[in-house]
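# A closer look at the structure
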Amino acid sequence: MSVLWTVLILLVAVVVTPVLDRVLGRSACWALAAMYLLAAGALVPASSAVLSGADDDPTAAFSAPWAPQWGVEFALRADGVGLVFAMIALVIGAVVLAYSARYLERGRQLSFSWGMTLFTLSMVALVLADDLVLLFICWELTSIASFLLIARSGTAGQAASMRTLLVTFLGGLSLLAAVSLMVMRLGTTSISDVLAADVWTRDPGFATLVGVLVALAACTKSAQFPFHVWLPDAMAAATPVSAYLHAAAVVKAGIFLLLRFSPAFHDVLAWNVLLVLAGLVTAFVGGFLALQQRDLKKLMAYSTVSQLGLIVTVIGVGTEAALLAAVLHTIAHALFKSGLFMMVGVVDHAAHTRELRRMPALARRMPGAFAVTLLGCLSMAGLPPMLGFVSKESLLTGALDAGGPSWVPWAVALGIAGASVLTFAYCAKIVLGAFVDGRDEGALTPADAGRESAGADGTDSSGAITDAAYAHRADPIMLWSAALPIAAGLPLAVVVGVLDLPVGRAVGAALGGAEVHPHLAFWHGLTVELGLTVGVIVLGAAIALGRRRLLPILEARVFPYDGARVLGAVDRLAERLAAQLVRPIASDDPLRHLGAILVAFATVVLASFAVLAGDLDPLTPGLNRPIDAVLLVLILSAVVLVCTRRDRLAATVALSAVGILVTVQLLALGAPDVALTQLLVESLTIIVIMLVLQKLPRRFDAPVRPRRAGTLLIAVLAGLAAAGGTFLFAGRRGRSEVAEYYIARTEEISGGHNIVNVILVEFRALDTLGELSVLGMAGVAIVAVLSSVRDRFIDPDDRPGAEAPLALREEGTSAHRAITSAWGNSAALQMMVRVTAPILAVISAMLFLRGHNAPGGGFIAALVGSAIVALLYLSTSRDRQVGPPRLPLLLIGGGVVVAVGGGILGFLGDGFLEPLHGYLLGVHLTSSMIFDAGVYLAVLGLVTVAVNLLGTSASSGSADDGEETRERTDETVEGELPGPLETTRGEPAPRRRRVGAGTSHLSTGTRPKESGRR
């Protein structure tokens, strides 16, 4: 349970961060640092159990069912590897948060604090996870948290965060593929069981495939070449973010993943070769690019890339000595690199620049900062008396322990030594460039520094920048926070033996549970490793001494393209390629889009029909009946009318006939639920189509003959394919096992008799929730689209200067008499609605309540309720909205919320959307009715949106427009034609007054004056 308490404390930190930030501002970092240390303290019992060798101790593990139907558990387990990385994340995280309490600006810093706590929770859960699914989720959460922390940096961080997310998510896809393969092959999600499986030795091909996928995922997160480009790009983030995520934590997630799966792959040749080559190349590339940098933070970023390459190299070697070196250097790197990153922030705060050319000579002005930075760089360069010296020696030892031909160990060791020469050189550049080589500004004030500038742009005649920033003393808290992890490397180097047990347990876990007893020491005598170290120092010192001639050459940007530019070029190339791919269908013509889909569909189905037609099971007896032939003829006739009529109204009537005939077919097949749904949907669809027809020309344009022929050909092919597919796959088998299960178990499990409704709201409620969300988004999209289109584009007769049609201007014509009569008939329709609306409301309620046991349910009941909305609209004397303007969106949103709330109630039982059952006054009730109520509200809201937006224009009002609306309604009932249709003999109708053109009343809540319906 110790591991669980650690995770719970971090979860509490995430939850309370907004409150702490609101109350304490940036000082909330102190409270969060204390919670990190508390979480580390909670992990002490598990650490004690692991260090004592009792890995099966209950304090070191926790497991609870998560998705038992898939065998997924929320499983945590502490071992040597997990403890090392968890302690790095917690202890270094606490130090960085203490540093942040002074580095950040005063005031609230919620985006920083919340992002840091979310990342720490994800990272600690990742390294303690004992389930593949949990590991993958936490892996992706670390990417998301890193993205958020970089993106919060403003404009500079937006593009960098997207590039970082792109690279790390590519690694996530690789890890997902590896996890999927492991689960499918081994039938378990337990990491312990996966690593202990013998498939890795029995099936080398499978081991190679999965190993390469895991290695690729780790290389993206640990910034290995060519995926290293995201790490320097991420330096747009604040310095505390870089010190924690990009030096001590997130990049270590890749290292952790390699060590976690090392028991399975350390003997796989592809794993060894890939990691050794990637690590060595990354170490050299990172070191060389670090020497090119003039910005201290970018230099630190590339140095991190280089150091991670060294760790990956020895993990690829895979021996006990090599893995020991990887673990030890991981600890050393977390200490010195996090401190050095924080020192960059200290220097930046003091000197107001990170540009080495602008740096004053800070050694005198900031002796404490100089001493701390010097110690950190000594450790990174692998020089005594720092822990980095011991870990660098161990790296060389691990390299010399590599297997294979005799030249391989020497090649790897010399590669590490060569990269270490670059490490020495860029460490010298940090110390000398920031603290020694700059101009002595100790006695200057900011005004003096400004007056000594040679030019307005701060450059002298040679172009060198001379107006170095005035340096003030560093904040003590920032300085001591940065010094703490660096200074810890000094005593740890002297008494490095105290790390024998934790490092040994970590190496043992990386070897699959082997017993490892290392003997770490500061001095091992005169060894090959020491000789290589001396060579590194000599060559590195030579570069440092010749820095004034060598560094300008390196800084001349030998490589003109950095990672950001490369990713940008790839993005532009992808855009151009995509433009070429979509060019054939880059048209608003629906025939190009739909035609390609239908032709592809017809080709596949007809080819399948040609292959399978000779080997078919017989049709189910009694499937064909005479009524089917009658309905086929009638439906075919109606479809022909839809396709051939040029009058839109006639085509709509024919289309409604198709829907009614399909309803009859469904009733004949014995599907009352589906038939009732079809009938109601058909009725409402026709009403909505009629609303749209108000804004369209009366007749279709005559199609061009070649186009008509092509359309006919595509339609015939699609029809034949659909008929062939139906003939192939329908009616040739009995009920499936799933159908038999539903028939046999529905009543027993749910207490309901209506299998269709029970499937929708219980068995497959998650599917229904997804469909409900899509339905809600459709309603919002209708509002968004129609609110963004000016009325003159959707209401042609409203255009300024357009006169009413001649038939409407000439009083006495049949069209005029028909419209005038329509206004007068609204009174009768209103009287009918007063009678039918309550009846429909009762029917809707009955259908809703009986849906669990008889044809009905939330969807069907909502369609009946929507019929009331349609009747209310049709009964009005003019176009106006039904109900308050924002009611439809409230219904849609409320419906989704109610449905989700009903699902959350399931947690009182077995899980989300799991129905709860009970009885009230002898009546069986279920919580799925709450879910069904959400469906009801959302469907009702969607129909109301369609009626209100398609049936009204910007000059239409809502149902509660006020006194003027009531007065004009009374006039209409008396028979007077209102609005733009009012005429006097021989005079044209006045133009409709336009109020708020281009604005939806539904989205704005405004209710302008009404006008008559055309």
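Refer to the structure above for everything that follows.
Here is a short report on the structure shown in this document. Computed from a predicted structure; not experimentally measured.

What counts and how
Residues numbered from 1 in each chain as written. Predicted model: local features only at pLDDT ≥ 70, side-chain atom pairs only at ≥ 80, totals over all residues. Heavy atoms only, no water. Phe/Tyr/Trp six-rings, centres within 6.5 Å; stacked < 30°, edge-to-face > 60°. Helix = DSSP H or I, 4+ residues; strand = E, 2+ residues; numbered from the N terminus. Buried < 20%, exposed > 50% of the residue type's maximum accessible area, 1.4 Å probe, protein only. Axes fitted to C-alpha atoms, helices over the stretch in contact; angles between N-to-C directions. Parallel < 35°, antiparallel > 145°, perpendicular 65-115°, else oblique. Left-handed = near helix turned anticlockwise from the far one by under 90°. Contact = heavy atoms within 4.5 Å. Nonpolar A, V, L, I, M, F, W, Y, C, P; charged D, E, K, R; others polar. Arc of directions from axis to C-beta. Salt bridge = Lys/Arg side-chain N within 4 Å of Asp/Glu carboxyl O. Pairing = 2+ DSSP bridges. Core = buried A, V, L, I, M, F, W, Y, C linked by side-chain atoms within 4.5 Å.

### Side note on the packing of aromatic side chains
Under the definition given, this model contains 15 aromatic pairs. On the basis of an interplanar angle of 70° and a centroid distance of 5.6 Å, the ring pair of phenylalanine 85 and phenylalanine 256 is categorised as edge-to-face. One end of the pair, phenylalanine 85, is in helix H4 (residues 80-103); the other, phenylalanine 256, is in helix H12 (residues 239-260), and 171 residues separate them in sequence. Among the residues examined, phenylalanine 85 registers a relative accessible area of 2% and is labelled buried.

### Side note on the packing of helix H34 (residues 765-787) against helix H40 (residues 928-950)
Where H34 contacts H40, the two axes come as close as 10 Å, and the packing angle between them is 20°. Between H34 and H40, the angle is such that the two are roughly parallel. Once H34 is placed against H40, the crossing between them reads as left-handed. Every residue of H40 that contacts H34 at Ala765, Thr768, Leu769, Leu772, Leu775, Ala778, Gly779, Ile782, Val783 and Leu786 is listed here: Phe931, Gly934, Val935, Ala938, Val939, Leu942, Val945, Leu949 and Leu950. Counted by class, the contact of H34 with H40 contains 16 nonpolar, three polar and no charged residues.

### Considerations on helix H25 (residues 547-554)
Buried within H25 we find Arg547, Leu551 and Leu554. The arc that holds the buried residues of H25, viewed along the axis, is 60°, so those residues lie on one side. Set apart from the buried face of H25 by more than 90 degrees, the exposed residues are Arg548, Arg549 and Ile553. Looking at the buried positions of H25, the neighbouring elements they touch are helix H14 (269-292), helix H20 (407-435) and helix H24 (528-545).

### Brief notes about unusual backbone geometry
Following phenylalanine 225, the chain continues to proline 226 via a peptide bond in cis, the omega torsion being 5°. Counting through the fold element by element, proline 226 comes out in the loop between helix H10 (204-221) and helix H11 (230-233). For the bond from proline 384 to proline 385, the omega torsion is 10°, close enough to zero to count as cis. Take proline 385: it is sitting in the loop between helix H18 (367-380) and helix H19 (387-400). Even without being a glycine, alanine 223 presents a positive backbone phi close to 60°.

### Some remarks on the pattern of salt bridges
Inspection of every chain in the model, using the stated rule, returns 14 salt bridges. Ionic pairing is found between aspartate 79 and arginine 260, a salt bridge with its closest N-O pair at 2.6 Å. Separated by 181 residues along the polypeptide, aspartate 79 in the loop between strand S2 (72-77) and H4 and arginine 260 in helix H12 bring together distant segments of the chain. The exposure class assigned to aspartate 79 is buried, which follows from its relative accessible area of 4%.

### Some remarks on the pairing of strand S1 (residues 61-67)
The pairing of S1 with S2 spans six bridges and is classified as antiparallel. Considered in S2, the bridge of alanine 61 is made with arginine 77. Linking S1 to S2, which pair antiparallel, is a turn of four residues; within it glycine 71 sits at a positive phi near 75°.

### Section: the nonpolar core
Trp200 and Tyr244 are the most contacted members of the largest nonpolar core, which totals 200 residues. In terms of residues, this core owes the most to one element, helix H16 (residues 320-351), which gives 21 residues. Beyond its immediate chain neighbours, meaning those up to four positions away, tryptophan 200 contacts Met182, Leu186, Val194, Leu195, Phe206, Ala207, Val210, Ala264 and Phe265. With 37 residues, the next largest nonpolar core counts Leu775, Val833, Ala870 and Leu891 among its residues.

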